[in-house]
Amino acid sequence: MDLPIITYDETEWAKTHTGNKVHKQHKIAGTQNIIIAGKTIVEKGVSIRGDLAAVKIGKCCVLKERCLIRPCLKIVSKKPTMWNVNIGDYVFIEEDCVINASQIHAYVHIGARSILGNGCVIRECSRVLPDTVVSPDALFPPFSTIGGNPDLNPIENVWGLLARAVYRHGKQFQTVGELKDAVTEEWDKLQPSFLESLTQSMSNRLCQVMQKFGGPTSY
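Residues numbered from 1 in each chain as written. Predicted model: local features only at pLDDT ≥ 70, side-chain atom pairs only at ≥ 80, totals over all residues. Heavy atoms only, no water.

The protein is annotated in an unreviewed UniProt entry as Dynactin subunit 5 from Caenorhabditis japonica. Looking at the protein in UniProt, the text filed under Sequence similarities (unreviewed entry) is "Belongs to the dynactin subunits 5/6 family. Dynactin subunit 5 subfamily." What the UniProt record of the protein gives under Subcellular location (unreviewed entry) is the line "Cytoplasm, Cytoskeleton". (UniProt positions renumbered as here; feature names shortened; annotations may be inferred.)

A.B. asks: In this structure, what is going on with the pairing of strand β11 (residues 79-83)? I would like to understand it.
C.D. replies: Walk down a regular strand and you will see the side chains alternate between the two sheet faces. Here strand β10 (residues 72-76) runs beside β11; their pairing, made up of 5 bridges, is antiparallel. Paired with leucine 73 across the strands is methionine 82, a residue of β11. Connecting β10 to the antiparallel partner β11 that follows it, the hairpin turn spans 2 residues, and serine 77 within it adopts a positive phi of roughly 55 degrees. (Pairing = 2+ DSSP bridges. Helix = DSSP H or I, 4+ residues; strand = E, 2+ residues; numbered from the N terminus.)

A.B. asks: In this structure, what is going on with helix α1 (residues 155-166)? I would like to understand it.
C.D. replies: Along an α-helix, a turn takes 3.6 residues, which lines up residues three or four apart on a common side. The first and last C-alpha atoms of α1 sit 16 Å apart over 12 residues, in line with the 16 Å expected at 1.5 Å per residue. Every buried residue of α1 is accounted for by Glu156, Val158, Gly160, Leu162, Ala163, Ala165 and Val166. Those residues of α1 that are buried lie in contact with β21 (139-140), α2 (176-188) and α3 (192-200). (Expected span 1.5 Å × (residues − 1). Buried < 20%, exposed > 50% of the residue type's maximum accessible area, 1.4 Å probe, protein only. Contact = heavy atoms within 4.5 Å.)

A.B. asks: Sorry, what's going on with the nonpolar core here?
C.D. replies: Buried together is how nonpolar side chains tend to be arranged in soluble globular proteins. Formed by 30 residues in total, the largest nonpolar core has its most connected members in Ile69, Ile93, Ile99, Ile104, Ile110 and Leu116. Put simply, the parts of the chain that give this core at least two residues each are β4 (34-38), β7 (55-59) and β12 (85-87). Excluding its chain neighbours within four sequence positions, the residues that come into contact with leucine 116 are Val98, Ile99, Asn100, Ala101, Ile104, Ile110, Ile122, Val128 and Val134. Counting 7 residues, the second largest nonpolar core, distinct from the first, contains Leu139, Val166, Tyr167 and Ala182. (Core = buried A, V, L, I, M, F, W, Y, C linked by side-chain atoms within 4.5 Å.)

Put into structure tokens, the structure is as follows:
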């Protein structure tokens, strides 16, 4: 992706000793809980809620205007707990995004106006298309292209089930071949009844979207 050359007015920016550039008109809270590795750009109007939980951002990231980075909420020992946010290196987040994910791995591009639901995980070398809504607790494997609203796309439920099964118990793979074999094995385990239930849910999905005027549904 070729980016245009952008010039900055140095009087509007603060520069840290690690090379981070932060616009002075930011909305950052809880700086004591925020760690930015270095050479990262935080543009005007970006909100980072370090007052809720720790936020860690890798090196060479770009947070475009009016983005919101907010820790996710998880239930631990039957108690609601704010969970830390971890963003890897070389992550590009376009303007007006809401990031409620628990982890975004390295080399991820997030399109403008996207919403990453509570506790979701986006793995390496993935891209989120503009105006995408990612479901809470969704997990996407490396090299994913994520788009649309999962409320109206049942295949996202299949991808989520596969990703959870393939990476069960934190399993990692040393080669692409091992990963392909694991995905194929879990795909063969999918029950026809599960796929049929997703197909049959479409009428209810459409009704809920209309009832909520395009807002989030129970799917």
